[in-house]
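Observations on the model geometry
Chain residues, written in single-letter form:
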Amino acid sequence: MSIANLLQNWSRYRDTHPYGGAKPHMGYKWAMAIDMDICTGCNACTVACYAENNLAVVGKEKFLNGKSMHWLRIERYWHDSVEAGDPIELADGKEFKEGKQFHDQGAHFLPMMCQHCEAAPCETVCPVGATNHTQDGINSQIYNRCVGSRYCNANCPYKVRYFNWFNYQDPATENVWPEPLNQQLNPDVTVRSKGVMEKCTFCVQRLRAVMVDARTEERLVREGEVQTACQQACLAGAISFGNMLNPESRISKQWMQQEVNIALDAQPKNKHVGDAVDKRGYRILENLRPYPSVMYLEQVRESAV
Amino acid sequence: MIENNFNRRDFLKVLGWGGAAVALSACGNTSVEDGTEFVTAHSTEGMPEYAIPGVYVHFNSTCAQCDSGCSIVGRVREGRVLKLEGNPESPINKGKICGLGQAGLQAHYNPDRITQPMLRKGDQGETITWEQALTLINEQLGGVKGNEVAFLTGGVSGHSGVLLKNYMDALGSANHYAYEAVTPSVVRAANKKSYGVEMPRLHIDKAQVVVSFGADFLGAWVSPVNFTQQYAKFRKGPNGSRGVLIQVESKMTLTGANADRWLCIRPGTEGVYALGLINALGAAGFKVPSAAAAIAKDYTAERVIQETGIPAEHTEKVVALLKERTPSLVLFGSAAEGYAHGSQNAAAITLLNHVLGNVGKTMAAPASVPFPQIAPKVGNRHALHALNDKIAQGNIKVLFTYGSNPVFTSHSSLNFKENLKKVPFKVVLSHYRDETAMEADLVLPLDSVMEDWGSSVPEYMADAAQINIQQALSEKLYPDTRGFGDVLLALLKQRRPTEYGQYEDFYGYLRNAMVQNKAALGGGTASDDMFWQKTVSHGIIKLPAKAASALKTPTATKLAFAAAAADEAYPLHLIPSTSAHMRDGRHANIPWLQESPDPITTVVWDSWVEIHPATAAKLGVVEGDVVEIASRSGAIKVMVYVFKGIHPDAVSVPMGYGHEAMGRYAKNTGQNVFKVLDSVFDKETGELALHETRVKVTKTGQKVKIVKDEGPYGGGQAGKRIALRKTTDKVNLSKEV
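This report concerns the structure included in the present document.

What follows deals with the overall build of chain A. Scanning chain A from terminus to terminus reveals 9 helices and 13 strands. Taken across its 305 residues, chain A has 48% of its residues classed as buried. Taking as baseline every contact in chain A between residues at least 6 positions apart, the subset at least 24 positions apart corresponds to 63%.

Next comes the structure, spelled out in structure tokens:
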């Protein structure tokens, strides 16, 4: 996709993708929901992702330089702002002011991975079409087409794309999987080489395996037939995943009940500012119109304490 | 086969079923076909037929990364185990597995495993064969008395525990020491005293309010996978009711980070706060038994505020909540037990639980396995101190070490490393050349958990009693490693050839032990082969439920808490914190775990010290400054992480980092906080009081870039709506899917 083509046809590329548009999904629309009230931030999902998807452990120095390869990361936020602060008097009589004295309502843990946007900002900027939207609603990454421009990374509002700055699979240079660690590598997933972009795939290798089985049996994949690695590991069961087009799936019921419509960039339930909305579902940076496929459920804190 | 009673009893002892009534009625047998759809039994000779290129097979086993005893499913292809999942059949983990458990794979495929027996020759190690090693052990044992031999292990259970016990009996030694560096010993002792059992079954999911005094049950405490699943249910109560979690501690744990209200308490005053709550409950009209009321009556609101530092407004709300919503559950962990008066703190907290009427509602008597020989022998620190005394007196001539790394985890005032030199022959059974192996005369390389067979009984059982089976999920990577059970069997054959000579290997022994007792293990009339196939393919034997006895009712005794004396030279409390991934440092050589950010600080590949911003301002330090943490026993240099989840009078450093050996990922990563711990002990149990060390913090002038994942805003959201939060009065959870 050249820049000229991109500029001329911007609206066409933007319009084709959102849910139910000109290119409807063929039987499947994979989507996710994450309940942040029961996510404890334990990192079981992230380690599961490393194990399933052959993610490189880059080491201290590269991690410091922002080259970590965690497709799924737990973002940790604090809620107390400076305005809410109680000043602390120091021994020398000076006041110490930095928000509240303690993080006394705990942290906020947010598992962040590729949001598989329906109108993905990363897709439109790829000069070679290496990142695409599939018919089952996944934002795919074609490694052997990727030339490493990193435009997609620059354009991703969630910062969930990870670039291979090094040839991590080469034992002579990087040695990320020294013998016999390499024997653990999942044969269903490519080990990516230097110069390509990579990111969460919704465990596409697992999806494809069950979709092929289902097609052989002339049916659609059933609810519960497939789990992503993070979902399978999640101790609290905070992650749900499934086919949005199946009205019986938990995921479609959750989105429906939470009144989050994947095809809208602003949800009607949020229209009236100030009105108490008693539903927790929302999508991150929805207003940028990427139409993400991951719904988050707000964390809850007891009002009585 | 068994001729008379005497022989039978002896035989049962050999197999681990002795001492108990092996007369359980057989329970219903389900068809072995039940398991075949998902799980295919592993047979040692049958491996080739399962190694079909490109086809996955799934085998059940048991996770050994911690002592929780979660059942796992290994995804195996072409003879290699590639991924671990939880086994849905286990009542403990119900199909889930934590990050630490997943990383068992990298323990198996670790590039720094030792692969051959090594004998010390001066400063060098020399490779020898197993035959030479076993002969050498036999020679060394020849000249010493039974009681001059000691065996140091971590917690043990199951049939390797049986063999170990029988081996020690054969040697005539009573010196088996089970040592765990980080373990809730005081919790066990206090529970035993207050409830009559060491580890009651918890029903977090049935509680409406949980008040936890530093029990990190979502992180690293007792059985976190089970507790996290209970926690999820607790948060999603019936009809949209949602359980409330109050965490009282001086350093925020993962559980604290998930609390509705995190109450920062002055270190060591947990018992005072518990009695204060009892007193306040009584004042609020809650019916408090008179004995408990008498104990708590001196703990007035003013005194509690003054001693604990917790503001009255929070305490009032907590009291109102506890009064209104029942049942609740009160827990306590390392933060409350880690003091010289740890047992007193614990007694006050268990008393609060009794007052609230939770015993029998959210806390029940546990199941136990009716075979005492295979029951878990849990470790504690006291065991190491007792062994150390014997070693220091020169009473130990041969020392075996397995499953623990005391040279790394002992506190420096114990002088363990130096004392070890007094032991003429030290045998270390290990996976890595860790600090203890470096001191050994003979190092024996063990199979990984993925290669080995075994049985185990978890200390905390979530439902009825169960025996876990561990099977080999993968072919052996190295020809010259052996399983722990195999080593014990070989050693026993030296002592008691008539009884153990018939078993070719530990697998054969284990199979025989199980099959011989199949009636009591629910095998019914199935053939031996069928029973064994079923046992291995399920990876778990659930024993028929026995009516659990009720927990004890309380006996209130007068409690006293030593007030922390001001210490001008060492003004700050040091809190060594337990990371769910590093634990006591045994997993430090697993790269996934080193690169997995600490959930609270998001730091990777290093240790750090958490300092409250007010304290940091006083000390004139900012994030990334390297400071010296000095106690009376030692000093370490670590980088500062400024953090509003710690009491201003305390600093906290995670345990498990700072190895000097072990492997490429562990060595020189971070600092070892065990080195600076003072010798202060809990007065009742004699356990090392982990939180009693006082330190001073001084700036070194050195500065490093802190390697962390939290991003440039340090956990703020830069005004964006990213992570949102609602309060319970603004949300309707009742209709949620």
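There's plenty left to go through after this.
With that settled, the discussion passes to the overall build of chain B. Within chain B, the regular secondary structure consists of 26 helices and 26 strands. A compact globule built from 737 residues would reach a C-alpha radius of gyration of about 27 Å, and chain B, at 26 Å, matches this within 12%. For chain B, the spread of C-alpha atoms along the principal axes amounts to about 70 × 60 × 55 Å. Counting only residues that meet the buried cut, chain B has 59% of its 737 residues in that class. Across chain B, every contact between residues at least 6 apart in sequence was considered, and the portion connecting residues at least 24 apart equals 75%.

Residues and elements named next belong to chain B. Strand order in the open sheet made by the 3 strands is β17-β18-β19, with antiparallel pairing throughout. Only two strands of the sheet have a single neighbouring strand rather than two, namely β17 (454-456) and β19 (540-542). On average, each strand axis in the sheet is tilted by 20° relative to the strand beside it, whichever way the strands run. Taken together, the 3 bridges between strand β18 (residues 466-470) and β19 define a ladder with antiparallel strand orientation. Bridging across to β19, glutamine 466 finds its partner in lysine 542.

Facing the 77 residues of chain B at the interface are 67 residues of chain A. At 6 residues, helix α9 (residues 224-235) of chain B tops the list of elements feeding residues into the side of chain B that touches chain A. Across the side of chain B that touches chain A, the residue classes break down as 38 nonpolar, 16 polar and 23 charged. Pairing of strand β13 (residues 299-301) of chain A with strand β26 (residues 725-727) of chain B involves 3 bridges; the strand directions are parallel. If you follow A:Val300 over to β26(B), its bridge partner there is B:Lys726.

Moving on, we get to the environment of B:Ala365. Note on placement: B:Ala365 falls in the loop between β13 (363-364) and α17 (381-392). Overall, the presence of 18 C-beta atoms within 10 Å leaves B:Ala365 in the partly exposed class.

Let's shift gears to the sheet that holds strand β3 (residues 80-86) of chain B. Residues and elements named next belong to chain B. Across the sheet, 3 strands lie side by side as β1-β2-β3; this open sheet has antiparallel pairing. The strands lining the two open edges of the sheet, one partner per strand, are β1 (56-62) and β3. Sheet twist, expressed as the mean angle between neighbouring strand axes with direction ignored, is 30°. Bridge count for β1 against strand β2 (residues 71-77) is 7 bridges, and the pairing is antiparallel. Following the sheet pairing, histidine 58 is matched in β2 by arginine 75.

This next bit is on the environment of B:Lys552. Mapping B:Lys552 onto the fold places it in the loop between β19 and β20 (572-577). A sequence separation of 109 residues divides B:Lys552 from B:Ala661, and the C-alpha atoms of the two residues are 47 Å apart.

We now examine unusual backbone geometry. Across the junction of A:Glu179 and A:Pro180, the peptide omega takes the value -5°, indicating a cis bond. Within the secondary structure layout, A:Pro180 lies in the loop between β8 (162-163) and β9 (197-198). At B:Trp605, a residue that is not glycine, the phi angle is positive and equals roughly 55°. Tracing the backbone shows B:Trp605 in the loop between α25 (591-595) and β21 (608-611).

Once that is clear, we can look at the nonpolar core. Formed by 307 residues in total, the largest nonpolar core has its most connected members in A:Ile34, A:Ala44, B:Ile246, B:Ile278, B:Leu352, B:Val609 and B:Ile629. Considering each element in turn, this core owes the most residues, 8 residues, to helix α11 (residues 270-283) of chain B. With residues up to four places along the chain from it excluded, the contact list for B:Val609 reads B:Val627, B:Ile629, B:Val638, B:Val640, B:Tyr641, B:Val651, B:Ser652 and B:Val653.

A few words now on α17(B). Residues and elements named next belong to chain B. With 12 residues, α17 should cover 16 Å at 1.5 Å per step; its first-to-last C-alpha distance of 17 Å lies within 8% of that length. Against β6 (149-153), β7 (176-178), α8 (185-195), α18 (406-409) and α19 (416-420) lie the buried residues of α17. Where α17 ends, the next residue or the one after it, glycine 394, has phi of about 80°, a positive value.

Consecutive side chains of a regular strand alternate in pointing toward one face of the sheet and then the other. Residue and element names in this part refer to chain B. With 7 of 7 residues buried, β3 lies mostly within the body of the structure. For β2 and β3, the ladder comprises 6 bridges, and the chain directions are antiparallel. From the neighbouring strand, isoleucine 72 faces β3, where its bridge partner is glycine 86. Hairpin connection, β2 to β3: the antiparallel pair is bridged by 2 residues, and glutamate 78 has positive phi, about 50°.

Attention shifts here to the packing of helix α7 (residues 158-171) of chain B against helix α21 (residues 484-495) of chain B. Residue and element names in this part refer to chain B. Direction vectors running N to C along α7 and α21 enclose 25°, while the axes themselves pass 9 Å from each other. Relative to α21, α7 is oriented roughly parallel. Note on packing geometry: the crossing formed by α7 with α21 is left-handed. On α21, the residues touching His159, Ser160, Leu163, Leu164, Asn166, Tyr167, Ala170 and Leu171 of α7 are Phe484, Gly485, Leu488, Leu489, Leu491, Leu492 and Arg495. Taken together, the residues of the contact of α7 with α21 sort by class into 10 nonpolar, 4 polar and 1 charged.

All names here are of chain A. Note that glutamate 223 resides in the loop between α7 (204-216) and α8 (229-233). Given 14 C-beta atoms within a 10 Å radius, glutamate 223 is considered partly exposed. If we ignore the near neighbours within four places in the chain, the residues touching glutamate 223 are Gly242, Asn246, Glu248, Ser249 and Arg250.

About the cut-offs
- Residues numbered from 1 in each chain as written.
- Chains lettered and ligands numbered in written order.
- Predicted model: local features only at pLDDT ≥ 70, side-chain atom pairs only at ≥ 80, totals over all residues.
- Helix = DSSP H or I, 4+ residues; strand = E, 2+ residues; numbered from the N terminus.
- Buried ≥ 20, exposed ≤ 12 C-beta atoms within 10 Å, placed from the backbone.
- Contact = placed C-beta atoms within 7 Å.
- Rg over C-alpha atoms; globule rule 2.2 N^0.38 Å.
- Pairing = 2+ DSSP bridges.
- Axes fitted to C-alpha atoms, helices over the stretch in contact; angles between N-to-C directions.
- Nonpolar A, V, L, I, M, F, W, Y, C, P; charged D, E, K, R; others polar.
- Core = buried A, V, L, I, M, F, W, Y, C linked by C-beta atoms within 7 Å.
- Expected span 1.5 Å × (residues − 1).
- Parallel < 35°, antiparallel > 145°, perpendicular 65-115°, else oblique.
- Left-handed = near helix turned anticlockwise from the far one by under 90°.

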